[in-house]
Amino acid sequence: MSGLANILLVDDNSKYLKDALPLYGYDVKVTHGGVQALEVLTNSDKAFDMVIVDILLPDISGFDFIKKIRTINKVKYIPIIVLSSEADEKKIISALKIGADDYITKPFLLPNLLARLEAVLRRSSWSAVQNKQTTVKSVSKEVADSLTSRELEVLQMAAKGVSNKHIAEKLFVKEVTVKTHLNSIFKKLKVDNRTQATLKALQMNLIED
(Lines give C-alpha, C1' and ligand atoms only; values in the text may rest on other atoms or scores of the structure.)
Protein backbone atom coordinates (compact mmCIF):
# COMPACT_ATOMS: atom_id res chain seq x y z
CA MET A 1 0.00 0.00 0.00
CA SER A 2 1.52 3.27 -1.14
CA GLY A 3 -1.06 5.64 0.37
CA LEU A 4 -2.18 6.56 3.87
CA ALA A 5 -4.84 3.86 3.75
CA ASN A 6 -6.42 1.43 1.33
CA ILE A 7 -10.10 2.25 0.89
CA LEU A 8 -12.89 0.29 -0.79
CA LEU A 9 -15.53 2.72 -2.04
CA VAL A 10 -18.93 1.11 -2.63
CA ASP A 11 -21.06 3.63 -4.52
CA ASP A 12 -22.64 3.70 -7.97
CA ASN A 13 -22.01 7.45 -8.16
CA SER A 14 -18.44 7.55 -6.91
CA LYS A 15 -16.47 9.70 -9.36
CA TYR A 16 -16.03 12.66 -6.99
CA LEU A 17 -14.47 10.66 -4.13
CA LYS A 18 -12.62 8.37 -6.52
CA ASP A 19 -10.86 11.45 -7.90
CA ALA A 20 -10.58 13.42 -4.65
CA LEU A 21 -9.31 10.90 -2.09
CA PRO A 22 -6.09 9.99 -3.96
CA LEU A 23 -5.15 13.69 -3.89
CA TYR A 24 -5.00 13.37 -0.09
CA GLY A 25 -2.86 10.22 -0.09
CA TYR A 26 -5.47 7.47 -0.07
CA ASP A 27 -5.54 4.44 -2.37
CA VAL A 28 -9.08 3.87 -3.62
CA LYS A 29 -10.77 0.90 -5.28
CA VAL A 30 -14.35 1.36 -6.46
CA THR A 31 -17.20 -1.12 -6.81
CA HIS A 32 -20.66 0.01 -7.89
CA GLY A 33 -22.60 -2.60 -5.95
CA GLY A 34 -22.55 -4.48 -2.69
CA VAL A 35 -22.27 -7.98 -4.16
CA GLN A 36 -19.10 -7.12 -6.07
CA ALA A 37 -17.70 -5.36 -3.00
CA LEU A 38 -18.24 -8.47 -0.86
CA GLU A 39 -16.43 -10.56 -3.47
CA VAL A 40 -13.51 -8.12 -3.49
CA LEU A 41 -13.28 -8.10 0.30
CA THR A 42 -13.41 -11.87 0.69
CA ASN A 43 -11.39 -12.99 -2.33
CA SER A 44 -8.78 -10.28 -2.89
CA ASP A 45 -5.25 -10.65 -1.56
CA LYS A 46 -5.25 -6.89 -1.12
CA ALA A 47 -5.94 -5.77 2.46
CA PHE A 48 -8.33 -2.86 2.89
CA ASP A 49 -8.24 -0.44 5.83
CA MET A 50 -11.75 0.94 5.42
CA VAL A 51 -15.01 0.64 3.51
CA ILE A 52 -17.03 3.69 2.52
CA VAL A 53 -20.52 2.63 1.42
CA ASP A 54 -23.69 4.31 0.19
CA ILE A 55 -26.91 3.00 1.71
CA LEU A 56 -28.66 3.14 -1.67
CA LEU A 57 -26.94 0.53 -3.84
CA PRO A 58 -28.26 -0.94 -7.11
CA ASP A 59 -28.21 -4.57 -5.95
CA ILE A 60 -28.44 -4.95 -2.16
CA SER A 61 -29.10 -2.36 0.51
CA GLY A 62 -26.18 -0.80 2.35
CA PHE A 63 -27.71 -2.10 5.58
CA ASP A 64 -27.61 -5.70 4.35
CA PHE A 65 -24.09 -5.12 3.07
CA ILE A 66 -22.88 -3.98 6.50
CA LYS A 67 -24.62 -6.88 8.25
CA LYS A 68 -22.94 -9.33 5.88
CA ILE A 69 -19.48 -7.83 6.43
CA ARG A 70 -19.85 -8.19 10.18
CA THR A 71 -20.34 -11.95 9.75
CA ILE A 72 -17.21 -12.56 7.63
CA ASN A 73 -14.20 -13.36 9.82
CA LYS A 74 -11.66 -11.99 7.37
CA VAL A 75 -13.15 -8.47 7.41
CA LYS A 76 -15.65 -8.39 10.29
CA TYR A 77 -13.70 -5.66 12.14
CA ILE A 78 -12.95 -3.42 9.15
CA PRO A 79 -14.03 0.22 9.74
CA ILE A 80 -17.13 1.23 7.77
CA ILE A 81 -18.30 4.75 7.00
CA VAL A 82 -21.76 5.21 5.52
CA LEU A 83 -22.40 7.94 2.95
CA SER A 84 -26.05 8.60 2.25
CA SER A 85 -28.55 11.20 1.17
CA GLU A 86 -30.85 9.63 3.76
CA ALA A 87 -30.72 11.93 6.79
CA ASP A 88 -33.45 10.21 8.77
CA GLU A 89 -32.38 9.85 12.40
CA LYS A 90 -33.76 6.31 12.67
CA LYS A 91 -31.73 5.14 9.68
CA ILE A 92 -28.58 6.72 11.07
CA ILE A 93 -29.10 4.97 14.41
CA SER A 94 -29.87 1.68 12.65
CA ALA A 95 -26.68 1.88 10.58
CA LEU A 96 -24.57 2.54 13.65
CA LYS A 97 -26.25 -0.28 15.60
CA ILE A 98 -25.62 -2.89 12.90
CA GLY A 99 -21.93 -2.05 12.62
CA ALA A 100 -21.21 1.24 10.86
CA ASP A 101 -18.47 3.31 12.53
CA ASP A 102 -19.75 6.64 11.24
CA TYR A 103 -22.58 8.04 9.12
CA ILE A 104 -22.12 11.05 6.84
CA THR A 105 -25.03 12.60 4.99
CA LYS A 106 -24.90 13.92 1.44
CA PRO A 107 -24.15 16.54 0.33
CA PHE A 108 -21.04 16.76 2.47
CA LEU A 109 -18.02 19.01 2.73
CA LEU A 110 -14.82 17.22 1.79
CA PRO A 111 -12.80 18.58 4.79
CA ASN A 112 -15.49 17.20 7.11
CA LEU A 113 -15.38 13.79 5.47
CA LEU A 114 -11.57 13.70 5.53
CA ALA A 115 -11.48 14.61 9.23
CA ARG A 116 -13.99 11.92 10.15
CA LEU A 117 -12.26 9.38 7.92
CA GLU A 118 -8.96 10.10 9.71
CA ALA A 119 -10.67 9.82 13.11
CA VAL A 120 -12.16 6.41 12.31
CA LEU A 121 -8.83 5.14 10.97
CA ARG A 122 -7.07 6.44 14.07
CA ARG A 123 -9.48 4.62 16.37
CA SER A 124 -9.08 1.48 14.28
CA SER A 125 -5.29 1.68 14.50
CA TRP A 126 -5.44 2.15 18.28
CA SER A 127 -7.71 -0.89 18.61
CA ALA A 128 -5.31 -2.93 16.49
CA VAL A 129 -2.38 -1.92 18.70
CA GLN A 130 -4.34 -2.77 21.85
CA ASN A 131 -5.36 -6.16 20.44
CA LYS A 132 -1.78 -6.89 19.43
CA GLN A 133 -0.50 -6.00 22.91
CA THR A 134 -3.17 -8.18 24.49
CA THR A 135 -2.23 -11.05 22.20
CA VAL A 136 1.48 -10.71 23.02
CA LYS A 137 0.71 -10.68 26.75
CA SER A 138 -1.48 -13.76 26.37
CA VAL A 139 1.17 -15.61 24.37
CA SER A 140 3.85 -14.58 26.87
CA LYS A 141 1.81 -15.96 29.76
CA GLU A 142 1.21 -19.24 27.94
CA VAL A 143 4.92 -19.63 27.18
CA ALA A 144 5.92 -18.66 30.71
CA ASP A 145 3.47 -21.19 32.13
CA SER A 146 4.83 -23.89 29.81
CA LEU A 147 8.43 -23.40 31.00
CA THR A 148 9.40 -25.30 34.13
CA SER A 149 11.13 -23.46 36.98
CA ARG A 150 14.37 -25.23 36.09
CA GLU A 151 14.02 -24.20 32.43
CA LEU A 152 13.54 -20.60 33.50
CA GLU A 153 16.73 -20.82 35.57
CA VAL A 154 18.63 -22.23 32.61
CA LEU A 155 17.16 -19.58 30.29
CA GLN A 156 18.12 -16.73 32.61
CA MET A 157 21.72 -17.95 32.89
CA ALA A 158 21.98 -18.72 29.18
CA ALA A 159 20.75 -15.20 28.41
CA LYS A 160 23.66 -13.84 30.49
CA GLY A 161 26.13 -15.85 28.42
CA VAL A 162 26.88 -18.52 31.01
CA SER A 163 28.25 -21.66 29.32
CA ASN A 164 26.49 -25.01 29.49
CA LYS A 165 29.32 -26.36 31.66
CA HIS A 166 29.02 -23.55 34.20
CA ILE A 167 25.23 -23.76 34.21
CA ALA A 168 25.57 -27.48 35.00
CA GLU A 169 27.96 -26.72 37.84
CA LYS A 170 25.68 -24.07 39.35
CA LEU A 171 22.63 -26.33 39.17
CA PHE A 172 24.53 -29.49 40.22
CA VAL A 173 23.46 -31.41 37.12
CA LYS A 174 25.23 -32.97 34.16
CA GLU A 175 26.03 -30.85 31.11
CA VAL A 176 23.88 -33.11 28.95
CA THR A 177 20.94 -32.25 31.21
CA VAL A 178 21.49 -28.55 30.52
CA LYS A 179 21.48 -29.26 26.79
CA THR A 180 18.20 -31.14 27.19
CA HIS A 181 16.68 -28.17 29.03
CA LEU A 182 17.90 -25.78 26.33
CA ASN A 183 16.43 -27.92 23.57
CA SER A 184 13.11 -27.93 25.38
CA ILE A 185 13.29 -24.14 25.81
CA PHE A 186 14.09 -23.63 22.12
CA LYS A 187 11.11 -25.77 21.16
CA LYS A 188 8.70 -23.90 23.44
CA LEU A 189 9.95 -20.49 22.30
CA LYS A 190 10.05 -21.67 18.67
CA VAL A 191 13.67 -20.60 18.18
CA ASP A 192 16.89 -22.31 17.05
CA ASN A 193 19.64 -21.00 19.32
CA ARG A 194 20.60 -19.10 22.48
CA THR A 195 20.63 -15.67 20.83
CA GLN A 196 17.15 -16.09 19.43
CA ALA A 197 15.93 -17.49 22.74
CA THR A 198 17.33 -14.49 24.61
CA LEU A 199 15.72 -11.99 22.24
CA LYS A 200 12.38 -13.79 22.34
CA ALA A 201 12.48 -14.04 26.13
CA LEU A 202 13.25 -10.31 26.44
CA GLN A 203 10.40 -9.47 24.09
CA MET A 204 8.01 -11.57 26.16
CA ASN A 205 9.34 -10.18 29.44
CA LEU A 206 10.36 -13.66 30.57
CA ILE A 207 13.76 -12.34 31.64
CA GLU A 208 15.14 -8.93 32.54
CA ASP A 209 17.46 -7.03 30.24
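Everything here concerns the structure above.
Residues numbered from 1 in each chain as written. Predicted model: local features only at pLDDT ≥ 70, side-chain atom pairs only at ≥ 80, totals over all residues. Heavy atoms only, no water.

Our focus in this paragraph is the nonpolar core. Counting 24 residues, the largest nonpolar core has Leu41, Val51, Val53, Phe65 and Ile69 as its most contacted members. Every element with two or more residues in this core is listed here: strand E1 (6-10), helix H2 (34-43), strand E3 (50-54), helix H3 (62-69), strand E4 (80-84) and helix H4 (89-98). Beyond its immediate chain neighbours, meaning those up to four positions away, Phe65 contacts Val10, Gly34, Ala37, Leu38, Leu41, Val51, Val53 and Ile60. One finds Leu147, Met157, Ala168 and Met204 within the second-largest nonpolar core, a separate group that totals 21 residues. (Core = buried A, V, L, I, M, F, W, Y, C linked by side-chain atoms within 4.5 Å. Buried < 20%, exposed > 50% of the residue type's maximum accessible area, 1.4 Å probe, protein only. Helix = DSSP H or I, 4+ residues; strand = E, 2+ residues; numbered from the N terminus. Contact = heavy atoms within 4.5 Å.)

Further remarks concern the sheet that holds E4. In a beta sheet, neighbouring strands are held together by backbone hydrogen bonds and run either parallel or antiparallel to one another. The five strands lie next to each other as E2-E1-E3-E4-E5, forming an open sheet whose pairing is parallel. The open sheet has two free edges, formed respectively by strand E2 (27-31) and strand E5 (102-105), since each of these has just one partner strand. Taking each pair of neighbouring strands and ignoring which way they run, the sheet shows an average axis angle of 20°. Of the strand pairs in this sheet, E3 and E4 are connected by four bridges, and their pairing is parallel. When the sheet's bridge partners are listed, Val51 is paired in E4 with Ile80. Where H2 meets the sheet, its contacts fall on E1, E2 and E3, and the angle it forms with E1 comes to roughly 155°. This element, H3, spans E1, E3 and E4 of the sheet and lies at about 155° to E3. (Pairing = 2+ DSSP bridges. Axes fitted to C-alpha atoms, helices over the stretch in contact; angles between N-to-C directions.)

This part takes up helix H7 (residues 164-171). All buried positions along H7 are accounted for by Asn164, Ile167, Ala168 and Leu171. For H7, the arc enclosing every buried residue in end-on projection is 100°, short of the 170-degree limit, so these residues lie on one face. In this structure, the buried side of H7 is in contact with helix H6 (149-159), helix H8 (175-189) and helix H9 (194-203). In the segment just after H7, Phe172 is the residue with positive phi, at about 60°. (Arc of directions from axis to C-beta.)

Moving on to the environment of Asn6. Within the secondary structure, Asn6 sits in strand E1. Here Asn6 falls in the buried class, since its relative accessible area comes to 3%. Distance in space between the C-alpha atoms of Asn6 and Lys46 is 8.8 Å, their sequence separation being 40 residues. In this structure the side chain of Asn6 is engaged in a polar contact, spanning 3.0 Å, whose partner is the backbone oxygen of Ala47. (Polar contact = N/O pair within 3.5 Å; in protein donor to acceptor, adjacent residues only side chain to side chain.)

Bringing the pattern of salt bridges into the picture now. As enumerated under the stated definition, the model contains eight salt bridges in all. Across the pair Asp19 and Lys15 runs a salt bridge whose closest N-O atoms are separated by 2.6 Å. Of this pair, Asp19 and Lys15 both sit in helix H1 (residues 15-20), four residues apart, which is roughly one turn of the helix. What makes Lys15 exposed here is its relative accessible area of 59%. Taken together, the shared-partner salt bridges in this structure form one network comprising Asp11, Asp54 and Lys106. (Salt bridge = Lys/Arg side-chain N within 4 Å of Asp/Glu carboxyl O.)

Before going further, it helps to examine the pairing of E4. Among the five residues that make up E4, five are buried, leaving the element largely enclosed by the rest of the structure. A two-sided burial pattern is seen for E4, the buried positions comprising Ile80, Val82 and Ser84 on one face and Ile81 and Leu83 on the other. The parallel pair E3 and E4, bridged by H3, forms a crossover whose chirality is right-handed. Pairing of E4 with E5 involves four bridges; the strand directions are parallel. Along E5, the bridge assignment pairs Val82 with Tyr103. At this point the chain moves from E4, through H4, to the parallel E5, and the crossover so formed is right-handed. (Right-handed = clockwise from strand over helix to strand, strands pointing away.)

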